[in-house]
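Spelled out from the first residue to the last, the chains are:
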Amino acid sequence: MSREFILKGRLWVLIENGKLFSDIDTDMIYHNAHLAVTDMDEMGQFAFGNLEGYKDFADKAQPGDLVLAGDNFGSGSSRQHAVDCFKALGVQAVMARSFGAIYKRNAINSGFPIIELPGLPDDLFSNFEMAELNLEDGILNSGDNSFQGNPMSEVARNIYLAGGLFQYAERM
Amino acid sequence: MGRTLIEKIMSSHGGGDCHPGDVVWIDIDNRTARDFAGASVVGNLEKYGGDSPIADRSKTFFTFDCNVPANTIPYANNQQRIRIFAGKNDLKVYDVDAGIGSHVVIEEKYAKPGTTTVGTDSHLNIMGSVGAFGQGMGDVDIAYAFKTGKVWFEIPESIKVTLEGMPAEGTEAKDVALAMLRRFSNHELLGKSVEIYGRWVENASLEDCVTLSSLATEMGAIIAFIPPNNNVLDFFGMNCDEAVYADSDTTYLQEYSLDIKGLEPLIAAPPSPTNVYPVSGKTDVKVDGVFVGSCTNGTYQDLKYAAELLRGRKVAPGVMLKVVPATRATWAKLLDEGLLKDMFDAGAIVSNAGCGGCASGQIGMTGEGEVQISTSNRNFKGKQGRGNTYLAGIGTAVASAIFGRIASVLELKKVM
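Since the structure is predicted, the reported quantities are computational estimates derived from the model, not experimental observations.

J.: Can you tell me about the overall build of chain A, naming the residues and giving the values?
T.: Counting its secondary structure elements, chain A contains 6 helices and 9 strands. For 172 residues, the compact-globule estimate of 2.2 N^0.38 gives 16 Å, and the C-alpha radius of gyration of chain A, at 15 Å, lies within 12% of that figure. Projected onto its principal axes, the C-alpha coordinates of chain A cover approximately 40 × 35 × 25 Å. Residue burial in chain A is summarised as follows: out of 172 residues, 60% are buried. Contacts spanning at least 24 positions in sequence make up 67% of the contacts within chain A whose residues lie at least 6 apart. Accessible area for chain A stands at about 6,600 Å²; split by element, carbon and sulfur atoms hold 45% of it. Within chain A, the 24 negative side-chain charges are centred at a point lying 3 Å from the centre of the 13 positive side-chain charges.

Set out below in C-alpha cells:
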C-alpha cells in the first residue's frame, strides 16, 4: 500500500444533474446485498454498483484513479466494505466537499486517504483529467485549476503512515 | 466555562479536559458487534488480536439482529464463525432470537445514562436517547475496541436545539424527528453533537426518546442527546445526580429553536429521509405494503399503539402489513397481552424480533414500482428493495395499511 503524500491519477468527477454528486450513501457505494462478503479482493466489483450513472464504475476504474464527489459522501451505514471496495480496485483516494462521520473513521482506520474540500465549486474540475492530490497540504490540482481543501489530520496521517489502526497501535 | 454533554461524557472516560477538535482516546463501557460486520471483527482479531484479543469479557458481546435467523448461507457462515469465536473467548452472544442489538443494550441496562457504547450498527447513537454516548463504527474500530477497550474520537462541536411548544393530537415522536429532518436536512448538523431540549422531550417516554435519537444518523449528526428525564431515570432506577447533563453555563457552536406547536403528522417521501411533507398532502398515493418495526419504531409502546389501532379493523385488500418487534422481550409482552391477536386478526404478518425491513430481507423486500410505508429510518434508493419507500410514524403507517393509501391517524379516527 502506498504511503505517498502526493498522489497522481485520473480523476473521476461524480456528477448528478450537472452538479457534484452529493449524499452518496453507503448503499449506493456498496449495496447491502453484498455485505456478507468478507474478502476485500472480492469487494471491488460491487463499488458504486447501486449509484445511478456509475454502475459500471468497477469495470472502468483503473488502479491509481482518484474519486471526487459533493457533500456528505458515505452517509448511512457503518460498513467497512464501502471503503474497502475502493482499495480493492486500487483507487488511491476519495475527495468530497464533506463526508459522513462513520465513513471518515473507517477510511482513516484502514489507512485509506480521504480529503475534504469544503466549498469546492461544482464545475472546477473535469472528468477523467489527470490530477495531483497533496494529502499533507489538502490541495487538489488538475488542468489549470487548483483547490485548497483540508489537510490530513494528525491522527489520519499517523494511521496512514502505519498502514492501518492496528499497525499504528503496535507502534504506540 | 461550562462543558457540553459530549465533553463531559468524554472527560469522564479518559478524554481529560477535552475540547472540540481534540482527538482523544476514550474508554468504552460496552463493546458490541452484530452479525453484520461481526465476522470481520472476528477476522481482524484473529489477525491482529494476538493471545489476548479481548480486554474485558464482561463488557464485550455480540448481538445478532441483521439477518435472523440467517436466510443466506454467507450470513449463516458469518454467524457461526462468531459463535465459535465467542465460545473460545467466553463472550456472550445475544443470538438470532434476541432482537435489535441497540435496543437490547438499553433493555439490559448496559447503556445507562453517561456511559459509552460502540458497535457495528450505524444507529448505535440511539444511546443518545438515554443521555449516553453510542457510536456505530466499522469492523476495524470495533475489533480495536474489543482488544483494547478504547477508540480514538474527535470531539465534535455541539449544537443545542430547543423544541418549542407541544405537537397536535395524533402526532408522535417520529413526526417530531421528521420535523427536525425537514428543518435541518442532513447537512446542518453534519458531524455535530446535538442536544435536544424543550417541554416535549422533558415529558417524552423512553420509547419516544429512542425514536427521536435514532434519526440522528439520517440528520448527519454524530449523536442526538436527550438529557435524561424522569421517565428515563425511572427505567434505570437512577436519580438525576447520577446522570450526566451539560453545564448550564456552557456555550454551543449554535443554538436553534424549532417550533413544534401544533405539529401535524409528517411523512418522508423517497428517496431521502429529509424529503418531508405533511401526511395530509400525500393522501392520493396508493400503498402496496406497510412495514412496522425497526430500531426507530419497533418498541413495545410502538407496537401496542399499532395493535390498538388495528383492533377490530382490517388491512385493505391487497396490502401487506409486515410487523417486526424490536426485541424478544417486546414480542413476549405483545403475546402476553393479546396484542398479537389484534394484529393477526387485522391481517398483519408478524415476524420474529430483529431489524426486519431494513436488513437484507428478513421480512421481504419491495419490488419495482411497489409503494411501501415504513416506520424505519431510511428510504434511500435500493435500501428496502426496488420499490418506493415512505417513512412515517406508527399512526400514519397503520392508517395507510387500512385505507390502502397514505392516510393519517386522524383520518382513521374520524372515519372508522
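J.: Outline the side chain of asparagine 106 of chain A, listing residues and values.
T.: Mapped onto the elements, asparagine 106 of chain A comes out in helix H4 (residues 101–109). Within polar-contact distance, the side chain of asparagine 106 of chain A engages the backbone nitrogen of glycine 138 of chain B at 3.0 Å. Setting aside anything within four residues of it in sequence, one finds asparagine 106 of chain A in contact with Ser78, Arg79, Gln80 and Val83 of chain A together with Met137, Gly138 and Asp141 of chain B.

J.: Give me the pattern of salt bridges: which residues, what numbers.
T.: All names here are of chain A. With the rule as written, the count across this model stands at 25 salt bridges over all chains. Put simply, arginine 10 and aspartate 65 hold a salt bridge, and the shortest N to O gap is 2.9 Å. Of this pair, arginine 10 sits in strand S1 (residues 6–13) while aspartate 65 sits in the loop between helix H2 (57–60) and strand S4 (66–69), and the two are 55 residues apart along the sequence. A single burial state applies to arginine 10 and to aspartate 65, both of which are buried.

J.: Can you lay out the environment of aspartate 137 of chain A for me, pointing to particular residues and giving the numbers?
T.: All names here are of chain A. Relative to the helices and strands, aspartate 137 resides in the loop between strand S7 (130–134) and strand S8 (139–142). With a relative accessible area of 37%, aspartate 137 lands in the partly exposed category. Taking the C-alpha atoms as reference, aspartate 137 lies 23 Å from leucine 14; in sequence the two are 123 residues apart. Setting aside residues no more than four positions away along its own chain, aspartate 137 makes contact with Gln148, Gly149 and Pro151.

J.: Explain helix H14 (residues 394–403) of chain B residue by residue, including any values.
T.: Residue and element names in this part refer to chain B. For H14, the buried fraction is high: 9 of the 10 residues fall into the buried class. Here H14 has its buried residues at Ile394, Gly395, Thr396, Ala397, Val398, Ala399, Ser400, Ala401 and Ile402. Downstream of H14 by one or two residues, glycine 404 has phi in the positive range, about 75 degrees.

What counts, and where the lines are drawn
- Residues numbered from 1 in each chain as written.
- Chains lettered and ligands numbered in written order.
- Predicted model: local features only at pLDDT ≥ 70, side-chain atom pairs only at ≥ 80, totals over all residues.
- Heavy atoms only, no water.
- Helix = DSSP H or I, 4+ residues; strand = E, 2+ residues; numbered from the N terminus.
- Rg over C-alpha atoms; globule rule 2.2 N^0.38 Å.
- Buried < 20%, exposed > 50% of the residue type's maximum accessible area, 1.4 Å probe, protein only.
- Contact = heavy atoms within 4.5 Å.
- Areas by Shrake-Rupley, 256 points an atom, 1.4 Å probe, with all protein chains shown as cover.
- Lys, Arg positive; Asp, Glu negative; His and termini not counted.
- Charge placed at Lys NZ, Arg CZ, Asp CG, Glu CD.
- Polar contact = N/O pair within 3.5 Å; in protein donor to acceptor, adjacent residues only side chain to side chain.
- Salt bridge = Lys/Arg side-chain N within 4 Å of Asp/Glu carboxyl O.

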